[in-house]
Structures are given as structure tokens and as C-alpha cells.
Amino acid sequence: MGLEQYWIETCPETNSGSVIQNNCCRISILTEALIRFEYSEDGTFEDRPTQKVLNRNFETPEYHVARDRNGLHIFTGAMEIHYDEQAFSPGGLMIRVAGGKSSERIWRYGDRVCDLGGTARTLDRADGANLIDFDTRTSGGERLVKPLILEAGLMSRRGFSVMDDSGSMALLPDGTVTPRNRKAVDFYFWAYGHRYLDCLKAFYHLCGKQPLLPRFAFGNWWSRYHRYDEKEYKNLIERFETERIPFSVAVIDMDWHLVQEVDPKYGSGWTGYTWNPSLFPDPEEFLSWLHAHGLKVTLNLHPADGIRAYEKCYPDIARRMGIDPLSGEPVMFDITDPEFLEAYFETVLHPMEKEGVDFWWVDWQQGNTTKIEGLDPLWMLNHYHYLDSRRHGMRGLTFSRYAGPGSHRYPVGFSGDTVISWESLDFQPFFTANASNIGYGWWSHDIGGHMLGVRDDELTTRWVQFGVFSPINRLHSTDNPFNGKEPWKYNDTACRVMKRYLRMRHQLIPYLYSMNHRAWAEDEPLVQPMYYREPEQEEAYRVPNNYYFGTELMVSPITEKNDREMKMGKAATWIPEGIWYDFFTGRKYRGGRRMNLWRTIEDIPVLAKEGAIVPMDGSSSYSVGNPHKLIVRVFPGKSGQFDLWEDDGISAQDDALWVKTTLVLSKKGGDTAFTITPAVGKRSVLPGKRDWEIHFCNQIERNTQNNPLVLLDGHPFTDDGAVRMLQNGQELIVSVEGVPVEQELNIIFRGGLCELPPRTTEEVFIALEQAQISYEWKAELYDLICQKGKEAVAVIIGKALPRALEGFLVEMLTAW
């Protein structure tokens with residue numbers, strides 16, 4: 001029995017001109033920096049796609065081959081290979097990578113590779129970079145911990161890495177998988193040096209692209225392990241609406257199904273497929289209500305125990321599997337059995353999807369063993385759940401843990417049950433960015449933490465701030481009446497900041513969705529480590545929690561407690577070459593250096609590059625659709641460009657379904673112009689007309705005597721009432737209403753824009769006023785800064801001030 005509906009398009013065969021082969025060995029020169037090595041005693045080689053690798057159809061690169069009495073020698077622009085043409089051995093296969101120190105650029109078969117790490121299967125039980133052993137305690141009663149080890153990645157400061165594909169299954173045309181020759185060796189050698197993004201692009205060609213996520217995935221997700229009933233859940237959603245806190249995904253944990261009511265003879269109720277009628281008497285109506293309130297729905301699954309006789313779906317799947325329903329014999333979970341797999345989807349899950357379930361949270365925690373040696377059940381669940389979710393021509397989506405290289409094809413990643421602690425928060429930004437080293441771009445964490453820990457309003461607030469600037473923002477907590485992430489449960493400051501950030505996340509959907517398109521079309525993950533763009537800069541490797549967030553922004557979450565005196569936390573940040581601006585205040589920073597950036601609980605460091613353009617949803621509703629009104633934040637610079645990508649948000653990947661609007665900042669002569677080009681592509685997915693609100697951050701008109709010239713397709717905009725300009729503090733705001741999407745809008749400032757001067761003394765005064773230090777210090781330091789400006793730095797450093805006070809003042813005085 002086959003599963004043909006789950007076959008995927010692949011190009012697994014290598015161009016013949018790229019292959020060098022003898023009786024037992026085959027070497028495929030895929031690119032000058034990516035080589036496949038195979039060795040098989042019986043001379044059979046693998047040309048089928050595998051769990052990891054789908055496409056080997058690279059264009060043949062230039063290379064040179066020579067043979068002598070020592071064996072085979074292959075030379076490409078990136079490496080040289082010396083091979084004795086025998087079974088692979090340390091003495092018989094040596095690769096020398098171009099560039100760098102000779103002692104660091106040689107690899108012999110079997111050598112351990114020192115890469116920068118990839119990601120991990122899960123953060124279950126993680127307390128920061130350590131795993132807690134809940135089953136073992138020390139003699140003193142403390143739980144044991146062990147380090148969390150990341151799996152291998154592709155990036156290495158030594159310039160090379162290895163990906164072993166020997167143990168993965170082959171994918172068959174009938175949609176099933178099969179073991180390969182276990183004695184054969186099959187690995188890929190990557191020698192991209194420090195060209196990390198080129199390496200990543202090659203990986204996505206070899207192993208498959210990152211799929212597009214549906215648009216709704218970029219809003220806020222509400223998740224809680226809690227025994228909700230229908231009334232409580234609806235009341236919660238209505239409270240969110242009243243408080244104007246937007247959510248786009250409802251994640252309903254395991255108590256949606258029968259748990260406590262299950263007869264112990266059937267098990268614990270951990271696995272379940274039947275709605276609990278005492279909590280949700282009309283599931284279809286409940287799901288329809290959530291949809292009407294703008295929420296997509298995912299339900300938790302723990303599928304390991306199979307389908308037991310008490311389940312509503314049991315008679316149908318029992319008959320499908322040849323079991324007499326009257327026998328009560330369980331339908332065992334066997335992901336390796338195509339007949340079971342097809343029945344599982346068709347008789348168990350599809351009927352609930354017809355009721356309104358949008359996608360599934362596959363919460364697999366039962367190990368990596370199946371009836372087929374070497375086949376991981378988690379990979380099987382991810383693979384088939386994702387492919388099944390695409391069956392109606394819609395964009396696929398599943399929600400599950402990482403199952404090794406190639407898992408990026410099955411988003412979104414569920415990172416598991418973390419401990420509530422500052423250590424956990426401090427680990428997650430690094431963990432998220434580092435996953436890009438194996439192409440895994442869409443992690444979703446338990447924002448706020450899942451279990452244990454203590455209540456800490458500051459910690460929760462900082463975690464939400466990180467979540468808003470992470471791939472997926474999903475608030476979550478465990479089954480404890482005191483452990484919820486509803487903002488109103490926290491103190492007034494935390495509540496206010498959490499609300500503001502959750503609203504901001506929704507506003508950022510146009511930016512995030514354009515980055516979604518970029519991840520798919522250009523093979524660049526949303527979140528990238530700092531060393532991707534400055535690989536030769538040592539400092540870029542020393543700021544693990546600092547990362548790029550799309551094309552325009554850089555983020556440094558604050559992951560430590562605020563200083564008690566200054567009421568500020570710090571983030572170690574590498575500011576790349578160029579000019580950067582604080583996203584919230586417009587403060588200007590000179591790049592090319594490492595700094596500690598200090599912020600109050602109100603914000604975290606988010607910096608926009610010079611000329612950055614960030615489109616945001618400006619509509620009053622909290623729909624995730626393409627908005628009628630857009631707010632665009634434009635930062636100072638000679639030029640800037642942003643491609644705003646939109647479609648219907650759910651259809652399968654197809655270039656023809658997209659529409660692009662290009663936003664351009666330019667300077668011509670002495671004028672500054674901002675241009676919104678006509679939308680190109682499938683304009684039917686957009687509103688016919690749009691309102692635009694352009695925020696020129698940290699800028700003011702140079703010539704205040706003239707209003708900006710507003711042109712529509714080159715002609716003056718005739719509706720004067722539709723154009724407004726306002727200088728609002730640090731922002732110059734120009735609003736234009738009713739712009740047809742097929743026409744070009746130009747806003748021209750004759751005489752140009754100029755940057756507002758730094759507000760250093762004003763910002764220092766505000767911070768000192770709140771600081772819990774002596775009044776004498778406040779007055780002395782403020783007077784010093786007013787009199788000496790930047791020259792005060794040397795004096796401040798010489799005063800042996802408290803660390804945070806000195807750090808903040810030095811940041812203010814040396815930012816630019």
C-alpha cells in the first residue's frame with residue numbers, strides 16, 4: 001500500500017559531468033565548495049531523495065582532476081581533495097580548504113569538526129543551557145543537571161563542516177520511506193569558508209527550501225496548559241478584545257479531549273482524540289466562534305498510545321485496520337505502517353479538521369525508536385503531518401519538535417517545556433539565531449517559560465519583549481492557577497509594557513510577512529547571527545544574544561535583571577559598521593564597535609540601519625489580512641528600499657499569487673523623496689485604495705516654509721483634505737489617504753530633511769531623575785555632562801561610579 005499523495009517534487013540525481021566514480025567510490029562535485037562522498041563495497045550508490053537531501057541537481061562547477069601513484073586529486077576553487085581510492089580512512093582521504101591558517105583548514109576522514117553548532121531536538125527540561133534530571137537527585141536533595149548539547153551545524157570558523165547522510169531513509173515515489181544500505185558511507189563536505197549565507201543557500205537547494213508560513217502565524221499565539229471549558233475560553237478571548245490585545249492563533253492544550261474521564265484500563269488519557277463534552281459540548285460551534293473572532297486553532301496531540309476503544313473515532317479506524325470494534329482491541333500507533341498512517345489521517349484527524357481545526361500541535365515526547373531501525377517517529381510525524389496539511393492546495397503548517405537536518409521543511413518548531421528562569425530567557429535568543437546554522441528558521445518558544453520558577457514580573461515582561469522580536473510569539477504556561485501570561489495578572493508597569501509589545505507584534509505583520517517571502521524566495525532566515533554579515537569581525541562572535549531581525553533591524557534582548565539603582569538592564573551588542581538608530585527613540589549610534597546598551601523596562605535595544613524602511617499595520621482592526629492603512633517608519637539615510645510582499649496569506653507557494661509594492665527613500669539634488677511604487681502582481685488581494693502614514697523618524701524639514709510636494713502618478717495630489725503633515729516630537733509624519741494601489745505616490749521635501757540633534761542631556765536628566773542614587777551625584781553628574789558633553793566621559797570613568805550608572809552615561813555620551 002502506498003501513500004502517493006505524500007510524494008514531493010525532488011531532483012535527486014546529480015549531473016553526470018559532476019561525478020567521479022570507481023568501483024566502490026563515487027564523488028559528486030555539486031559546487032566548488034560542496035562535495036558528496038559515497039563509498040559502498042558492492043558498488044551501489046544512492047540516487048533517490050532521502051530524509052535530509054532532496055535535490056542534487058546543481059550546475060556543474062569548474063574543477064580539475066589528476067591521478068598519480070598516490071591516488072586521486074581533485075581541485076576546485078574552494079578546496080583540494082587527495083584520496084587513495086580505497087575505503088575511506090584518515091590516511092586515505094584528506095581535504096585542504098582554501099584560505100585561513102593551514103593548520104586549521106585541513107580535514108582528514110573521521111576528524112571531529114569544530115562548527116558553530118546548529119540546534120537541538122527540544123528544550124524540554126532546559127534551564128538555560130542546562131537540562132534538569134527530574135528523576136535523579138543528589139544526596140542533598142538537589143536535582144542533577146547536565147549541559148544541553150547542540151547538534152552539528154554547517155557554519156564553522158575553520159571554514160568547513162560535514163553532514164552525514166548515511167543513516168537516513170530513502171523517499172520512494174509511492175510516498176513511503178525505506179532503509180538504505182547500512183554499510184554504505186554517504187556524507188557531504190561543506191567548504192564555504194566564512195561565506196555563511198552562500199553555504200546556507202546551497203543547503204536550501206540540497207535539502208529543500210524553507211516553506212512559506214501562513215500570514216496568521218506572524219500574529220500573537222495564545223497557549224496555556226489549563227483545563228479550559230468553552231465559557232472560560234470565550235470569556236478570555238472577549239477580555240483580550242476589550243483590552244485590545246490582538247491574537248491570531250489559539251493553541252489549545254491536551255484538556256480539549258477526554259483525560260480525567262478515561263477508564264484507567266485504557267491508560268492515562270495522555271493520548272486523546274475525542275472532545276470532552278463536559279467542557280466543549282459543541283466543538284464545531286466553538287471552533288466557528290473562534291474563527292469569527294479572527295483566530296486560527298491548533299489542538300495538542302500526544303499520539304503515542306494509539307486509538308483506544310473509548311474514542312469516538314474508534315469504530316471507524318478499527319474497521320479500517322481489520323479489527324472488530326466489539327473486541328475493544330486498541331489500534332496501536334505505528335507510524336511505519338502506511339495503512340495505519342492513511343487511516344489515522346482520514347478517519348481520526350480529517351473529520352475534526354472539517355469541524356474547524358486548522359492545524360495540529362504534534363507534542364511527541366516518546367523517544368526516537370520505531371519498528372524500522374534508524375527511523376525517527378518524530379520525523380515521520382512532522383513529514384506526513386506537514387504534507388497532509390497541504391492537501392487542499394493551501395499552505396502547509398504543523399507545530400512540532402526538531403528532528404534533525406531537513407526539519408526546516410516542516411514548520412513551525414515547538415521548542416518544548418522550559419523552566420521559568422532568567423537563565424532560560426538568556427539562552428533562547430542565542431538558541432534561536434544559532435538554529436539558522438542548520439537552516440531552521442521558525443522556532444516557537446514557550447514565551448514566559450513553562451514550569452517551575454518563581455513569579456517575576458520583570459522576567460515575564462522581558463520575555464515578551466524578546467518574543468515579539470522572535471520568529472513566532474507564543475505565550476505559554478503550565479497547569480498552575482497562578483502561572484498565566486495574561487498581561488493583567490502582572491503589575492501595572494509590566495501589564496502596560498506587555499500590552500504595548502503585543503500590539504506592536506501585530507503591527508509588525510507586514511514587515512514579518514515580507515521577511516517570510518524573503519526566507520522562501522531568497523533563502524535568508526528572519527533571524528541571523530551577527531557573524532553572518534561580518535564574518536571576519538571577532539566581536540560579532542562574542543554577542544550570542546544579538547541578532548539581525550530581517551533586512552532592516554537588529555535586536556539585542558535584555559536577558560538579565562535590571563540594575564537596582566538605575567532601573568535598567570543591559571544587552572551586550574555588536575553595532576555593525578555604518579549608522580544605526582534606536583527603533584523607538586531615534587537615538588543615533590555609530591557602528592563598528594561593541595557596546596553595552598542600557599534600557600528601562602519599557603523597551604529593549606532594537607536598532608534600525610541607516611535608511612531603514614519598516615512597514616507596519618496601521619488599521620484599527622486586528623485582522624491579519626492585508627491592511628487598508630499602513631504606517632511606514634523611515635529612518636535617516638541617503639537611500640533605502642523595502643519590498644513589501646503580500647498575497648492572500650494561505651495559498652500554496654506560487655510566484656503568480658504575489659503582489660509587490662516597493663518603498664524607496666532617495667535624495668535628488670537637495671530634495672528628499674519617498675516613493676511608493678504601484679503594486680505589481682496580483683493586486684486583487686489588496687484593498688483598492690490605501691491610507692499611508694509615513695513616519696520620518698528623528699527628522700525635520702530643512703525648509704519649513706514649504707509643504708512637501710505630494711504627487712500621484714507624477715501629478716499633484718488634488719484632494720488637499722487627504723494630505724496632512726505633523727511634527728510629533730522626534731517624528732515628522734505625513735499622512736495621505738485614499739491612494740489607489742495601482743498608482744505611484746511621491747512625497748518630495750524641497751530642500752530635503754535634516755536630522756534632529758541628539759537629546760543627550762534631556763535623556764540623561766530623565767534617567768538620573770529615576771535613578772535610586774544620591775541627589776548630590778545626580779546634580780554633579782548632570783552639571784558635568786551639560787558643561788563638557790562628550791569630554792565628560794573621561795571624568796565619569798575616573799569616578800569609579802556604580803557599573804550601571806557609568807555604563808548608561810558612557811553609552812549616552814559616546815553613542816554618536
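For the structure itself, look to the data block above.
Presented here is an overview of the structure given in this document. Remember, predicted model here, so these are calculated numbers, not experimental data. (Residues numbered from 1 in each chain as written. Predicted model: local features only at pLDDT ≥ 70, side-chain atom pairs only at ≥ 80, totals over all residues. Heavy atoms only, no water.)

### Quick word on the pairing of strand β44 (residues 745-749)
Across a regular strand the side chains alternate sides, sitting on one face of the sheet and then on the other.
No. 1: Where burial is concerned, most of β44 is hidden: 5 out of the 5 residues are buried.
No. 2: By the alternation rule, side chains of β44 split into Leu745, Ile747 and Phe749 and Asn746 and Ile748, which are all buried.
No. 3: In this structure, strand β36 (residues 671-676) lies alongside β44, joined through 5 bridges in antiparallel fashion. Within β44, the position partnered with phenylalanine 674 by the bridge is isoleucine 747.
No. 4: Pairing of strand β40 (residues 709-712) with β44 involves 4 bridges; the strand directions are antiparallel. Along β44, the bridge assignment pairs leucine 709 with isoleucine 748. (Buried < 20%, exposed > 50% of the residue type's maximum accessible area, 1.4 Å probe, protein only. Helix = DSSP H or I, 4+ residues; strand = E, 2+ residues; numbered from the N terminus. Pairing = 2+ DSSP bridges.)

### Quick look at unusual backbone geometry
No. 1: Between proline 411 and the following residue, valine 412, the backbone shows a cis peptide bond with an omega angle of 15 degrees.
No. 2: When you line up the elements, valine 412 lands in the loop between β20 (399-400) and β21 (413-414).
No. 3: Positive phi outside glycine occurs at leucine 452, with the angle close to 55 degrees.
No. 4: Mapping leucine 452 onto the fold places it in the loop between β22 (443-444) and α8 (457-468).
No. 5: In this structure, aspartate 523 takes a positive phi of about 60 degrees despite not being glycine.

### Overview of the sheet that holds strand β28 (residues 579-582)
No. 1: Here 6 strands make up an open sheet; going across it, the order is β24-β25-β26-β31-β28-β29 and the pairing antiparallel. Two strands in the sheet have a free side with no partner beyond their single neighbour: β24 (527-529) and β29 (588-590). In this sheet, adjacent strand axes meet at a mean angle of 35 degrees when their direction is disregarded.
No. 2: Pairing analysis gives 3 bridges linking β28 to β29, with the strands arranged antiparallel. Across the sheet, residue tyrosine 581 finds its bridge partner in β29, namely lysine 588. (Axes fitted to C-alpha atoms, helices over the stretch in contact; angles between N-to-C directions.)

### Examining the nonpolar core
No. 1: Of all hydrophobic cores here, the largest spans 150 residues; its most connected members are Leu290, Phe469, Phe549, Phe674 and Trp692.
No. 2: Of the residues forming this core, the biggest block, 8 residues, is contributed by helix α5 (residues 338-355).
No. 3: Setting aside its immediate chain neighbours within four residues, tryptophan 692 contacts Leu630, Val632, Leu644, Thr661, Leu663, Ile676, Val734, Ser735, Val736, Val739 and Leu745.
No. 4: Counting 49 residues, the second-largest nonpolar core is a separate cluster that includes Leu154, Tyr188, Tyr541 and Leu597. (Core = buried A, V, L, I, M, F, W, Y, C linked by side-chain atoms within 4.5 Å. Contact = heavy atoms within 4.5 Å.)

### Notes on the packing of helix α7 (residues 422-434) against α8
No. 1: Between α7 and α8, the least distance of the axes is 10 Å, while the angle of their chain directions is 10 degrees. As summarised for this structure, α7 and α8 are arranged roughly parallel, according to the angle between their axes. Contact with α7, carried on its side by Trp422, Ser424, Leu425, Gln428, Pro429 and Thr432, involves Glu458, Leu459, Arg462, Trp463 and Phe466 of α8 and no other residues of that element.
No. 2: Of the residues assigned to the contact of α7 with α8, the class counts are 6 nonpolar, 3 polar and 2 charged. (Parallel < 35°, antiparallel > 145°, perpendicular 65-115°, else oblique. Nonpolar A, V, L, I, M, F, W, Y, C, P; charged D, E, K, R; others polar.)

### Quick notes on helix α3 (residues 283-292)
No. 1: Of the residues making up α3, those classed as buried are Pro283, Phe286, Leu287, Trp289 and Leu290. In an axial view of α3, the angular spread of the buried residues amounts to 155 degrees, which keeps them on one side of the axis. (Arc of directions from axis to C-beta.)

### What to know about α7
No. 1: Taking 1.5 Å per residue as the helical rise, α7 with its 13 residues ought to reach 18 Å, and the 19 Å between its terminal C-alpha atoms agrees with that figure.
No. 2: Largest kink in α7: about 25 degrees, centred on glutamine 428, with the proline proline 429 one to four residues after it.
No. 3: For α7, a buried count of 10 out of 13 residues is recorded, marking the element as mostly surrounded by other parts of the structure.
No. 4: Taken as a whole, α7 has its buried residues at Trp422, Ser424, Leu425, Phe427, Gln428, Pro429, Phe431, Thr432, Ala433 and Asn434.
No. 5: Looking at the buried positions of α7, the neighbouring elements they touch are β9 (126-127), β22, α8, β24 and β25 (547-549). (Expected span 1.5 Å × (residues − 1). Bend = angle between axes of the 7 residues up to and from the residue.)

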